[in-house]
Amino acid sequence: MKSPLRSPPPSGAGRRGRALFTLIRCVPFLIALAVLVIELTPAHFIYTGPFLTAVPALAAVAMGPWGTGAAAAVALVISVITATWNGAWGSLQVYTNFLALALVTIAGVFTSSAVQARRQRELDQMRRIAVAAQDVVLRPVPARLGPVEAGSLCLAAGTGARVGGDLYEAVQTRYGVRMIVGDVRGKGLTAVRAVAVALGAFREAVHYEDELVEVMNRCAAALHRELAVPGAYDQEVRLEGFTTALIAQVPEDPVVQLVNRGHPPPLLLHRGKATALMPATPLPPLGLEDLADGLPTKPESYEFLPGDRLLLYTDGVIEARDGAGEFFALPETMEGIDAGLTPAQFLDELHQALTRHTEGDLTDDVAMILADRRRTAESRSRPQG
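For clarity, every value in this text was computed on a predicted model and none was experimentally measured.

### Things to note about the sheet that holds strand β5 (residues 244-250)
Spatially, 5 strands are ordered β3-β4-β5-β6-β9 in an open sheet, and the strand pairing comes out antiparallel. Whereas interior strands pair on both sides, the edge strands pair on one side only; in this sheet they are β3 (165-173) and β9 (300-303). On average, each strand axis in the sheet is tilted by 20° relative to the strand beside it, whichever way the strands run. When β3 meets strand β4 (residues 176-184), the two strands line up antiparallel, connected through 9 bridges. Counted as the bridge partner of Glu-169 is Ile-180 from β4.

Okay, here's the thing in structure tokens:
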């Protein structure tokens, strides 16, 4: 059974497209270098003025106004070098080349600026539409759910306008508070459809399934049915698609029960120390059940005491890098945040720390749910030892 929730890495066509775009951006500078070689060798009898004039024009196609200006500056420097080398100062040809270069540069800068502004407006509009579409599927977690106080945070990556595939939900049921966090690899309508299917199955199953494992199985079955719809997903997704998901249950008892299918382990903050709740038996993501000898029928339980904090998150948090390539230190950051903050305030502090770490340049979507085990009146009055 294959799940459409995670699409495969970019195809060869996508990589070839990026390589071609990089080559196009190098063409103006390669032309400028060729002109310099021609002018400083016996081949200088070739008239190279039109080639240098074309440098800023070509740069305006793919490099924006700043790139156009940089290419024009390179062309100007080469023009000065070649005119000096060939003793051509004072000739009409040199000044004609300079005038043509200036006119083409001005036109290129204005044109690329206008195109860039139009593209930015279109991208902003697409982002607004994407956020609106995501808001239809995802909803904020209520601040109070049974024995916990909760908060949620969802951040879209700044690399484009396509809807991401992170999902989360928290629901109060007769079994306790049940939460899910999942990660859809890939973006666009395929991800939105899969997220909607998974969340729809979860929201239904949490109220009727006694066993937490069966809730996860219902989500997997719903995705399998979705994948079977003719024409819904391409062959590449059918063969290689999968998802990671984590479902947690917080009953009235001081424990938390987890079913983890290949997702990053949640972090439990107890008396200022953040600990990853690693599964005793790692399980494959949804859609890769064939890789496991057998799936468990019971969730794993961990102590979750009054005053503790539980953070469920997607891999966009721990895989966020700074300029030096260092990953975001999530456990240490959690330990450094004031324990007296509400879940919403705590997540806001995490958001600010993540923004500082990445300098505002997230490369993957981020979703987090924070659940605080509420203190009883007795535990509030008792001093902490």
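Back to the write-up after that little detour.
### A closer look at the pattern of salt bridges
Summed over all chains, the structure comprises 6 salt bridges. Across the pair Glu-169 and Arg-139 runs a salt bridge, and its minimum N-O distance is 2.8 Å. With Glu-169 in strand β3 and Arg-139 in the loop between α4 (92-137) and β1 (144-145), the pair connects residues that are 30 residues apart, well separated along the chain. Judged by relative accessible area, Glu-169 falls into the buried class, the value being 1%. Since its relative accessible area comes to 43%, Arg-139 is described here as partly exposed. Where Glu-209 meets Arg-218, a salt bridge forms, and the shortest distance between an N and an O atom there is 2.8 Å. Each of Arg-139, Glu-169 and Arg-203 takes part in a single network of salt bridges with overlapping partners.

### Quick notes on the sheet that holds strand β10 (residues 309-313)
Overall, antiparallel pairing links the 6 strands, which are arranged β1-β2-β11-β10-β7-β8 in an open sheet. What marks the edges here is a single partner per strand, and that holds for β1 and β8 (273-276). Summarising the sheet, strand β7 (residues 267-270) and β8 pair through 4 bridges and their orientation is antiparallel. Each residue of the ladder has a partner; that of Leu-269, found in β8, is Ala-274. Packing against the sheet, helix α10 (residues 343-358) makes contact with β2 (148-155), β7, β10 and β11 (366-373), and its axis sits at approximately 30° to β2.

Scoring rules and cut-offs
- Residues numbered from 1 in each chain as written.
- Predicted model: local features only at pLDDT ≥ 70, side-chain atom pairs only at ≥ 80, totals over all residues.
- Heavy atoms only, no water.
- Pairing = 2+ DSSP bridges.
- Helix = DSSP H or I, 4+ residues; strand = E, 2+ residues; numbered from the N terminus.
- Axes fitted to C-alpha atoms, helices over the stretch in contact; angles between N-to-C directions.
- Salt bridge = Lys/Arg side-chain N within 4 Å of Asp/Glu carboxyl O.
- Buried < 20%, exposed > 50% of the residue type's maximum accessible area, 1.4 Å probe, protein only.
- Contact = heavy atoms within 4.5 Å.

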